[in-house]
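Commentary on secondary and tertiary structure
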Amino acid sequence: MIQIIDAPENVVAFRALGEVTAHDYKTIIAPAVKQLVAKIDEINFLFLIDTDLENFTATAWLEDAFIGLKNFGKWNRAAIVTDSERAISFTNAFSYVVPGNFKGFKKDAFDEALHWVQGLPEQAIENY
């Protein structure tokens with residue numbers, strides 16, 4: 001399941017718990033992303049993965065890719081927050097092949113991730 005997390009108005013933020021399906025992406029993530037693009041014409045995205053990556057169904061991963069491709073030129077910043085080193089490394093590498101900045105964070109750096117994704121200056125993040 002995916003829950004919406006309260007975030008600044010220029011960010012969409014979500015938390016994944018338990019099993020994550022394509023239905024979660026279609027009914028929760030896609031509408032929020034669409035609304036943010038309509039509002040600010042870019043995507044600042046935070047995703048807290050509070051479940052094992054194996055709990056994402058294959059169709060959830062496909063829907064994730066579809067949302068990414070549909071909004072290809074709109075990505076500004078995306079923070080993936082997880083304790084999976086594999087997911088953090090993938091996220092950091094992803095930034096080199098797609099538009100926008102993608103960055104992985106450990107769960108204990110959630111506040112830093114939220115500040116980064118909303119575009120706060122580095123000084124503000126360091127002083128937090």
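Structure report, in brief. (Residues numbered from 1 in each chain as written. Predicted model: local features only at pLDDT ≥ 70, side-chain atom pairs only at ≥ 80, totals over all residues. Heavy atoms only, no water.)

1. Details of the overall build of the chain
What the chain contains, in helices and strands, is five helices and five strands. For the chain, the succession of helices and strands along the chain, N to C, is β-β-α-β-α-β-α-β-α-α. The C-alpha atoms of the chain give 14 Å as radius of gyration, which agrees with the globular expectation for 128 residues (14 Å, within 12%). The C-alpha extent of the chain, read off along each of the three principal axes, is 40 × 30 × 30 Å. A buried classification covers 43% of the 128 residues belonging to the chain. Intrachain contacts of the chain at a sequence separation of at least 6 include 65% that bridge at least 24 residues. Element-wise, carbon and sulfur atoms account for 53% of the exposed surface of the chain, whose accessible area totals about 7,200 Å². On the chain, the mean spot of the 11 positive side-chain charges and the mean spot of the 18 negative ones are 6 Å from each other. (Helix = DSSP H or I, 4+ residues; strand = E, 2+ residues; numbered from the N terminus. Rg over C-alpha atoms; globule rule 2.2 N^0.38 Å. Buried < 20%, exposed > 50% of the residue type's maximum accessible area, 1.4 Å probe, protein only. Contact = heavy atoms within 4.5 Å. Areas by Shrake-Rupley, 256 points an atom, 1.4 Å probe, with all protein chains shown as cover. Lys, Arg positive; Asp, Glu negative; His and termini not counted. Charge placed at Lys NZ, Arg CZ, Asp CG, Glu CD.)

2. Examining the environment of L46
Mapped onto the elements, L46 comes out in strand β3 (residues 43–49). Residue classification places L46 among the buried positions, given a relative accessible area of 0%. Along the sequence, L46 and G104 sit 58 residues apart, while their C-alpha atoms lie 9.9 Å from each other. Aside from chain neighbours lying at most four places away, what touches L46 is I5, V11, V12, A13, F14, A79, V81, F110, A113, L114 and V117.

3. Re the pairing of strand β2 (residues 12–16)
In terms of burial, β2 is a largely internal element, four of the five residues being buried. Pairing of strand β1 (residues 2–4) with β2 involves three bridges; the strand directions are antiparallel. Note that in β2 the partner of I2 across the bridge is A16. Sheet topology places β2 next to β3; five bridges connect them, and they run parallel. Note that in β3 the partner of A16 across the bridge is I49. Handedness of the crossover joining β2 and β3 through helix α1 (residues 22–40) is recorded here as right-handed. (Pairing = 2+ DSSP bridges. Right-handed = clockwise from strand over helix to strand, strands pointing away.)

4. Some remarks on the nonpolar core
With 25 residues, the main nonpolar core has F14, Y25, I29, F45, F47 and F56 as its most contacted residues. Where this core is concerned, the elements lending two or more residues are β2, α1, β3, α2 (58–70) and β4 (75–81). If one sorts the elements of this core by residue count, α1 sits on top with six residues. (Core = buried A, V, L, I, M, F, W, Y, C linked by side-chain atoms within 4.5 Å.)

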